[in-house]
Amino acid sequence: MIEFLMQGSEDHPGLLTMAMERILDCTKPIGATVSLSSYQVLQDSHVFDILEPKDSEILVREDADGRTHLKGLSKVPYLLFFLSKFMFLSSYCLNHPFL
C-alpha cells in the first residue's frame, strides 16, 4: 500500500512523482536548476545513500542552529537523472531495504 502511495501508477501518479513534477514546474519560469539526493532511513537512525550506495552509512550531524546535515550524501543534477530512474530506485528501495 505504501508503495502505491509513494509511486502510484501510470494513470494515478504517487506522491514522489507529483512532488518532482511540481518542483520542476516551479523552477522552469525562473530558470533554476534542480539537484537530487535520495536516501533511505531504517530504524530511525540508519541512513543510506540510494544514488551512490556505499559500504558505510551516511553520517547524520546537527549543527549549532539545530539543522540536520547528512555528511557524504551524493547529489546529482536533475537533468542527468531522469524521473523514471528516480522512480525505479524508489521502488527498489521500498522493496529491498539495506538491512
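Residues numbered from 1 in each chain as written. Predicted model: local features only at pLDDT ≥ 70, side-chain atom pairs only at ≥ 80, totals over all residues. Heavy atoms only, no water.

**Concerning unusual backbone geometry**
- Notably, Gln43 is not glycine yet its phi reads approximately 55 degrees, a positive angle.
- Inspection of the secondary structure puts Gln43 in the loop between β2 (39-42) and β3 (46-49).
- Residue classification places Gln43 among the exposed positions, given a relative accessible area of 62%.
- Within the chain, Asp44 stands out as a residue other than glycine whose phi angle is a positive 65 degrees.
- Structurally, Asp44 is set in the loop between β2 and β3.
- Of the residues examined, Asp44 reaches a relative accessible area of 78% and is grouped as exposed. (Helix = DSSP H or I, 4+ residues; strand = E, 2+ residues; numbered from the N terminus. Buried < 20%, exposed > 50% of the residue type's maximum accessible area, 1.4 Å probe, protein only.)

**Points about the side chain of Ser74**
- The residue Ser74 is located in the loop between β5 (68-71) and β6 (76-77) in this model.
- Looking at Ser74, the relative accessible area reads 7%, which means it is buried.
- Among all residues touching Ser74, those that are not within four sequence positions of it are Leu36, Ser37, Asp49, Leu51, Glu52 and Lys54. (Contact = heavy atoms within 4.5 Å.)

**As for helix α2 (residues 15-27)**
- When the terminal C-alpha atoms of α2 are compared, their 18 Å separation across 13 residues agrees well with the 18 Å that a helix rising 1.5 Å per residue should span.
- All of the buried residues in α2 are Leu16, Thr17, Met20, Leu24 and Thr27. Viewed end-on, α2 has its buried residues packed into an arc of 100 degrees, placing them on one side of the element. (Expected span 1.5 Å × (residues − 1). Arc of directions from axis to C-beta.)

**Some points on the pattern of salt bridges**
- Counting across every chain of the model gives three salt bridges.
- For the salt bridge of Asp63 with Arg67, the shortest nitrogen-to-oxygen distance reads 3.1 Å.
- Judged by its relative accessible area of 48%, Arg67 falls in the partly exposed class.
- Of the charged contacts in the structure, one is a salt bridge between Asp65 and Arg67, with a shortest N-O distance of 3.2 Å. (Salt bridge = Lys/Arg side-chain N within 4 Å of Asp/Glu carboxyl O.)

**Re the pairing of β5**
- Across four bridges, strand β4 (residues 59-62) lies against β5 in antiparallel orientation. Pairing of Leu59 across the sheet is with Lys71, part of β5.
- Hairpin connection between β4 and β5: a loop of five residues separates the two successive antiparallel strands, and Gly66 in this loop has a positive phi of roughly 85 degrees. (Pairing = 2+ DSSP bridges.)

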